Amino acid sequence: MAKSKNNAKKLSYISVPSQIINSISSSSLQSLLDSPKKSSRNTNKFFIFISTNSIFRGPRLWFFTLFLFGLLGMLKFGLTLHTPFSPYPCATTLPQNLISTPNSKSNLGVVRENGQTDEVLKKGPLVSRVELGVQGLDMVEGDGDVEKSEFWKQPDGLGYKPCLSFSRDYRRASEGVLRDRRKYLMVVVSGGLNQQRNQIVDAVVIARILGAALVVPILQVNVIWGDESEFGDIFDFEHFKRVLANDVRVVSALPSTHLMRRPVEGSPPLHVTPSWIRSRYLRRFNREGVLLLRGLDSRLSKDLPSDLQKLRCKVAFNALRFAQPVQELGDRIAERMKSKGPSLALHLRMEMDVWVRTGCLPGLSPEFDEIVNNERIQRPELLTARSNMTYHERKMAGLCPLNAVEVTRLLKALGAPKNARIYWAGGQPLGGKEALLPLIQEFPHFYSKEDLALPGELQPFANKASMMAAIDYIVSEKSDVFMPSHGGNMGHAIQGARAYAGHKKYITPNKRHMLPFFHNSSLSEEEFNRIIKELHQDSLGQPELRTTKAGRDVTKYPIPECMCNDSHAQSLFTD
């Protein structure tokens, strides 16, 4: 008995993750299972038996066997025709333990009928990527109701198209500006991505005003996010340099002849004119050769000569292209978002620092309101809103970001279909996923870049807030409809980019006028929707002249300096 036990065959098992099994070929898998050292005698005898068996000596039996194998293969293929492709766009395999089943629980908190809320997970993607794939993009395939909704109708652009034709004087002056090798402007730009973009735009214009070369801008490390990215990490430097080759000479560093020179330093006050810039800096700049400027946010006047306004547009809309890795990932995520039809991008401002800076409250619970108030007391320097106004006064004046409940009601009133595909751009909201539950419950096809990216795609941009914001910018700019929950640099940049691209739909929430109706419980839903639509009929991204109001930014309102149309459309616009 002992001998027979020793001679018994022993079975060995190899533990391999399902992701690996799905990604390797059957031949590679077989090589893991077959031992290369020894071949079984029984196996050899089996193959000898097969090769010498008389059934394969007759041609009829041979063809009959082949026919049986072929028939079995066809039957197997026919039974699996319903899943020949992965239901997840651009994905090859998905971990089995991530697949949502009817009995699996969502990572989102669920509000029960008794008012209790399940535990809300604070980490990981906002919504499981695979759950979104099952609930969202794949479930609405072939649904034509989304495309037919009036919500996706684009505004009349009145024939406006980009036109950046510079004057003869500007082109003539360019020769001298580009030949100059004496003056080099250095700038340090601060803030988030879109605040940096604004400062880079003005830096180019200031370099042109002073007839100087521009050294690639230095991005100051952000004190909030700790992002140490450089210009070339976020933007395509060679493209930037090439597009501006006829306007300003852009260099990657100071030449050796200027390295030891002591720069003239400055920080202009708000809204300075070109003549102020020249009178303040040009004489010393000519003498020293290097000028270092800091804090350029809103320092240059919004009302400049036409050629300099065109230069602003050229920088913002043509020269500042994102670096290739950022642009390619943003394009892929945008394509996944749009693969099943039209999409809406929301820029939600619900982060802790936003509530603190605006002097507003998130409206989630007394506990969260207390957190915001305590932070504001401990760091009063963060408050940028009017300190002489109460929270309610700020709210009703339209100075506070919309919360998830308000965004949901606004979208429903404007006709957004329940199965609309929505991309969420922005930082982590105060309160985590629970803060977004009203939106997700009303619009279940709700995605973020974390939900749409494949495993590992976002890893190169981890802890790089500006690059993450750039991905949000790309997807938002390419969406069919865009709406911010609050003003700010991101919303302004997207508004200008969408106008320059042909006035793609951009919803500007009319907060000051609409909020009183949000608190009027006597209105029926039909009457409420009618009022909200009327309030927003002229706030959907239609062409607007920059010159109708003083101080408007041309990169937000590119008409008339940077866009033009034929006389017929112009007459319609001015009537």
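Residues numbered from 1 in each chain as written. Predicted model: local features only at pLDDT ≥ 70, side-chain atom pairs only at ≥ 80, totals over all residues. Heavy atoms only, no water.

### Considering empty space enclosed by the protein
Within this structure, the stated rule accounts for three cavities of 30 Å³ or more. Of the volumes computed, that of the second largest cavity is approximately 50 Å³. What lines the second largest cavity is a set of eleven residues, among which Gln196, Gln220, Asn222, Asp227 and Ser466 lie closest to the centre. Here the residues of the lining of the second largest cavity sort into three nonpolar, seven polar and one charged. (1 Å grid on protein atoms, 1.4 Å probe; cavity = no way out; pocket = protein on both sides within 12 Å on 5 of 7 lines; lining within 4 Å. Points joined across faces, edges and corners; volume = space filled by probe spheres on them. Nonpolar A, V, L, I, M, F, W, Y, C, P; charged D, E, K, R; others polar.)

### Here's the deal with the state of the cysteines
As enumerated under the stated definition, the model contains three disulfides in all. Each sulfur in the disulfide pair Cys313 and Cys562 lies 2.0 Å from the other. Its S-S torsion of about 85 degrees marks the bond between Cys313 and Cys562 as right-handed, since a negative value means left-handed. Taken as a pair, Cys313 in helix α13 (residues 306-319) and Cys562 in the loop between α24 (525-535) and β13 (563-564) lie far apart in primary sequence, 249 residues in all. (Disulfide = S-S within 2.5 Å. Helix = DSSP H or I, 4+ residues; strand = E, 2+ residues; numbered from the N terminus.)

### Some points on the nonpolar core
Counting residues in each nonpolar core, the largest one holds 89 residues, and the members touching the most others are Leu185, Leu214, Phe240, Phe322 and Ile471. Counting residues per element, this core draws most heavily on helix α9 (residues 193-210), at ten residues. With residues up to four places along the chain from it excluded, the contact list for Leu185 reads Ala203, Ile206, Ala207, Ala212, Ala213, Leu214, Val215, Phe285, Leu291 and Leu293. Residues Met350, Val356, Leu411 and Phe446 belong to the second largest nonpolar core, which totals 40 residues. (Core = buried A, V, L, I, M, F, W, Y, C linked by side-chain atoms within 4.5 Å. Buried < 20%, exposed > 50% of the residue type's maximum accessible area, 1.4 Å probe, protein only. Contact = heavy atoms within 4.5 Å.)

### What about the sheet that holds strand β8 (residues 343-347)?
The five strands lie next to each other as β10-β9-β8-β11-β12, forming an open sheet whose pairing is parallel. Each end of this open sheet is capped by a strand with a single partner; those strands are β10 (446-447) and β12 (505-506). Direction of pairing for β8 relative to strand β11 (residues 481-484): parallel, over a ladder of four bridges. By the bridge assignment, His347 is partnered in β11 with Pro484. (Pairing = 2+ DSSP bridges.)

### Here we look at the packing of aromatic side chains
Aromatic ring pairs are defined here through the distance separating the ring centres and the angle between the ring planes. Counting across every chain of the model gives eleven aromatic pairs. The interplanar angle of 85 degrees and the centroid separation of 6.3 Å between the aromatic rings of Phe231 and Phe237 together place this pair among those described as edge-to-face. By relative accessible area, Phe231 is classed as buried at 3%. Feature note: the residues Phe231, Phe235, Phe237, Phe240, Phe322 and Tyr473 constitute an aromatic cluster, connected by ring pairs. Its guanidinium or amino end placed over the ring of Tyr473, Arg197 lies 4.8 Å from that ring's centre, counting from NZ or CZ. Residue placement shows Arg409 over the ring face of Phe518; its charged tip is 5.2 Å from the ring centre. (Phe/Tyr/Trp six-rings, centres within 6.5 Å; stacked < 30°, edge-to-face > 60°. Lys NZ or Arg CZ within 6 Å of the ring centre and 35° of its normal.)

### A closer look at the side chain of Asp451
For Asp451, the position within the fold is in helix α20 (residues 449-452). Overall, Asp451 belongs to the buried group, its relative accessible area being 2%. Only 2.8 Å separates the side chain of Asp451 from the backbone nitrogen of Ser448, close enough to count as a polar contact. (Polar contact = N/O pair within 3.5 Å; in protein donor to acceptor, adjacent residues only side chain to side chain.)

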